[in-house]
Amino acid sequence: STLGGRDGRITRSGDRDHPADIISTVEFNHTGELLATGDKGGRVVIFQREQESKNQVHRRGEYNVYSTFQSHEPEFDYLKSLEIEEKINKIRWLPQQNAAYFLLSTNDKTVKLWKVSERDKRPEGYNLKDEEGRLRDPATITTLRVPVLRPMDLMVEATPRRVFANAHTYHINSISVNSDYETYMSADDLRINLWNFEITNQSFNIVDIKPANMEELTEVITAAEFHPHHCNTFVYSSSKGTIRLCDMRASALCDRHTKFFEEPEDPSNRSFFSEIISSISDVKFSHSGRYIMTRDYLTVKVWDLNMENRPIETYQVHDYLRSKLCSLYENDCIFDKFECVWNGSDSVIMTGSYNNFFRMFDRNTKRDVTLEASRENSKPRAILKPRKVCVGGKRRKDEISVDSLDFSKKILHTAWHPSENIIAVAATNNLYIFQDKVN
Amino acid sequence: MFARGLKRKCVGHEEDVEGALAGLKTVSSYSLQRQSLLDMSLVKLQLCHMLVEPNLCRSVLIANTVRQIQEEMTQDGTWCAVAPQAAGRAPLDRLVSTEILCRAAWEQEGAHPAPGLGNGHTQGPVSDLCPVTSAQAPRHPQSSVWEMDGPRENRGSFHKSLDQIFETLETKNPSCMEELFSDVDSPYYDLDTVLTGMMAGARPGPCEGLEGLAAATPGPSSSCKSDLGELDHVVEILVET
């Protein structure tokens, strides 16, 4: 099926590229009705899909801004004399249990639980105060009335319900809500903590890979996630390209893994950069819970939970960069952390690349496509044209050569609607939403 | 560490002196560029320490890369330095004292006698220039290398302790740093092709002989200088005595 543009570009800062507006995380909620983005300036912007109207059956619901709030502020750690960035690293939604929406948002050090609720009525007709809220002179009150709720313009308010602070020495890279909906975990470079949503002043440390002597440190935690169905199981990935699956029933401190996933190294491809490019930047369970997907610098891999010694599928994202690794090391691009996502049926996986390109891989047909998220190419209702990178030899008309790629335009964060073919792609400070074209 | 037959530029099928010299020059070019990568990595680590709250993952990956380079240089015999001064550079001091974990890939391959090895043409001039053969290359753990004050003739300007490199780098202001690297003849694109081992059409034949010898070479000695000329000049700029 073709992927169509929908006038999908939503810019929050106009045409100016303000550094604080750089989008740092994108996440659909469990129904896909809401789409949350976090940015470098500590703000969260939530988009809501408008209800499909019966009159315009062919017009899919657009996403419009629903709520904007400042989640985190910059802080100063006086003990270490360091500034703590307000950048939102991750947002994770809780499943909806009542009229309000709840999400977790985190910066490097502090996780917050936000409640987003609507208010469309307000009480009117108080006895002791007038409509402006001024107190009335009791002597003037001759009758009593019952205040009534009257409709008002819809107001969406976000309130911080919990603040989970002071539990991480290192930078938080992941948060994951447990399937029991009572607990969640937060992972930093060396430790993973388990929290109860109701308790903010303590957390359980479930993974600790900090060596006794920090000079012996050679490996860090890069991402972590709970199993979608088994509340005792989670995985975490490392900078050495390994994934560990842990069972919290085995022991309180999950330092010994239940399963250890690692692919043997290919000796013919070995170089000084082998370890860096094997570092896993993202790990995601499939919706089914049977597979995990990992992203390293050049590839996306799908692993079967029952097979630890190698992935079952490997997809090349941009292998033409393999010969450029030294330059990418020099300009630090080799340390870029790309995320990866599953579609709702686990049949297609998506990840970003440079030059505002993003890639999709169909696991069944083994076909892949490269698309671009850019203003020039996103006219309303336009169908995205597949892009191609020319790796050598004669460059065709529509192709772009490797040396022309813009490495400052990187797509690190993408999201896929839980059940429909709607994707959200963050390109620096622009958000693109693309939908399947309906005939 | 490197795929065999790929890490050295192939110099064709010549078996004369020029070919051998060209091969040696290419080998030194590899060492030069490996040194560049080491220097670049140390600069990155240094900048890490200057920054407020550095990214730990990035620092660990760079430090691991430095360690790998040092290990390979120790294998090659190019890493021959006095024990580092006890300084505040604690993490990097630890790096140089880790055990040698792996051998370079070419070493592990075993004996594939190269066509040119038994040939006097290649053996002669090379051995004149760099008398240390593979038999003499250190095989013992790092600690003895540190203590070894050895009668090694070929301590040229390549041999620097980690601290000396560090001092070299930190006494430079940023603009000097750029000049330092801008003097290097080879652009980083070449560094890419050599260091990532992506050499299209690498032909292992005539190179293997040189690999077997050159890997044990600690680096060009003063007797090499006249032969290497411009390359040595570049080397001097890089390491700055």
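Higher on the page you've got the structure.
Residues numbered from 1 in each chain as written. Chains lettered and ligands numbered in written order. Predicted model: local features only at pLDDT ≥ 70, side-chain atom pairs only at ≥ 80, totals over all residues. Heavy atoms only, no water.

Novice: Just to check I follow, could you spell out the overall build of chain B for this structure?
Specialist: When helices and strands are tallied, chain B shows 12 helices and 0 strands. Mapped from its N terminus to its C terminus, chain B presents α and β elements in the order α-α-α-α-α-α-α-α-α-α-α-α. Taken across its 241 residues, chain B has 52% of its residues classed as buried. Partitioning the contacts of chain B with sequence separation of at least 6, the portion at a separation of at least 24 is 84%. A total accessible area of about 10,900 Å² is found for chain B, and carbon and sulfur atoms account for 55% of it. (Helix = DSSP H or I, 4+ residues; strand = E, 2+ residues; numbered from the N terminus. Buried < 20%, exposed > 50% of the residue type's maximum accessible area, 1.4 Å probe, protein only. Contact = heavy atoms within 4.5 Å. Areas by Shrake-Rupley, 256 points an atom, 1.4 Å probe, with all protein chains shown as cover.)

Novice: How do you make sense of the overall build of chain A when you look at a structure like this?
Specialist: What chain A contains, in helices and strands, is 2 helices and 32 strands. Here chain A has a C-alpha radius of gyration of 24 Å; the compact-globule value for 439 residues is 22 Å, and the two agree. Here chain A holds 439 residues, and 52% of them are scored as buried. Restricting to contacts in chain A with at least 6 residues of sequence separation, those with at least 24 account for 54%. (Rg over C-alpha atoms; globule rule 2.2 N^0.38 Å.)

Novice: Would you mind going over the environment of B:Asn55 with me for this structure?
Specialist: Residue and element names in this part refer to chain B. Assignment of secondary structure puts Asn 55 in the loop between α1 (17–50) and α2 (56–76). At 3.0 Å, the side chain of Asn 55 and the backbone nitrogen of Cys 57 are in polar contact. Polar side-chain contacts of Asn 55 include one of 3.2 Å to the backbone nitrogen of Arg 58. (Polar contact = N/O pair within 3.5 Å; in protein donor to acceptor, adjacent residues only side chain to side chain.)

Novice: Explanation requested: the sheet that holds strand β22 (residues 299–304) of chain A in the structure shown.
Specialist: Strand pairing within a sheet occurs via backbone hydrogen bonds; the two strands may be parallel or antiparallel. Residue and element names in this part refer to chain A. The antiparallel open sheet is built from 4 strands, whose spatial order is β20-β21-β22-β23. Both edges of this open sheet fall to β20 (282–285) and β23 (313–316), since each of them pairs with a single strand only. Averaged over all adjacent pairs, the angle separating strand axes in this sheet is 15°, with direction ignored. Note: strand β21 (residues 291–295) against β22, 5 bridges, orientation antiparallel. Across the sheet, Met 293 pairs through a bridge with Val 302, a residue of β22. (Pairing = 2+ DSSP bridges. Axes fitted to C-alpha atoms, helices over the stretch in contact; angles between N-to-C directions.)

Novice: How do you make sense of the nonpolar core when you look at a structure like this?
Specialist: If you look at soluble globular proteins, the nonpolar side chains tend to sit buried side by side. Ranked by internal contacts, the top residues of the largest apolar core, which has 43 residues, are A:Tyr297, A:Leu321, A:Leu328, A:Tyr329, A:Ile334, A:Leu405 and B:Leu37. Those elements giving two or more residues to this core turn out to be α1 (274–278) and α2 (325–330) of chain A together with α1 and α2 of chain B. With sequence-adjacent residues up to four places away left out, A:Leu321 is seen in contact with A:Tyr297, A:Leu298, A:Leu328, A:Tyr354, A:Val402 and A:Phe407. Residues A:Val341, A:Val348, A:Trp416 and A:Ile423 belong to the second largest nonpolar core, which totals 15 residues. (Core = buried A, V, L, I, M, F, W, Y, C linked by side-chain atoms within 4.5 Å.)

Novice: Which parts of the structure should I look at to understand the packing of aromatic side chains?
Specialist: Pairs of aromatic rings are described using the distance from one ring centre to the other and the angle between the two planes. Residues and elements named next belong to chain A. Counted by the stated rule, this structure contains 19 aromatic pairs over all chains. Arranged with centres 5.9 Å apart and planes meeting at 20°, the rings of Phe 358 and Phe 434 form a pair that is stacked. Highlighted residues: Phe 358 in strand β26 (residues 357–362) and Phe 434 in strand β32 (residues 430–436), separated in sequence by 76 residues. Overall, Phe 434 belongs to the buried group, its relative accessible area being 0%. Taken together, Phe 164, Tyr 184, Trp 195 and Phe 197 form an aromatic cluster joined through their ring pairs. Geometry around Tyr 126 places Lys 129 over its ring, the cationic atom sitting 4.6 Å from the centre. (Phe/Tyr/Trp six-rings, centres within 6.5 Å; stacked < 30°, edge-to-face > 60°. Lys NZ or Arg CZ within 6 Å of the ring centre and 35° of its normal.)

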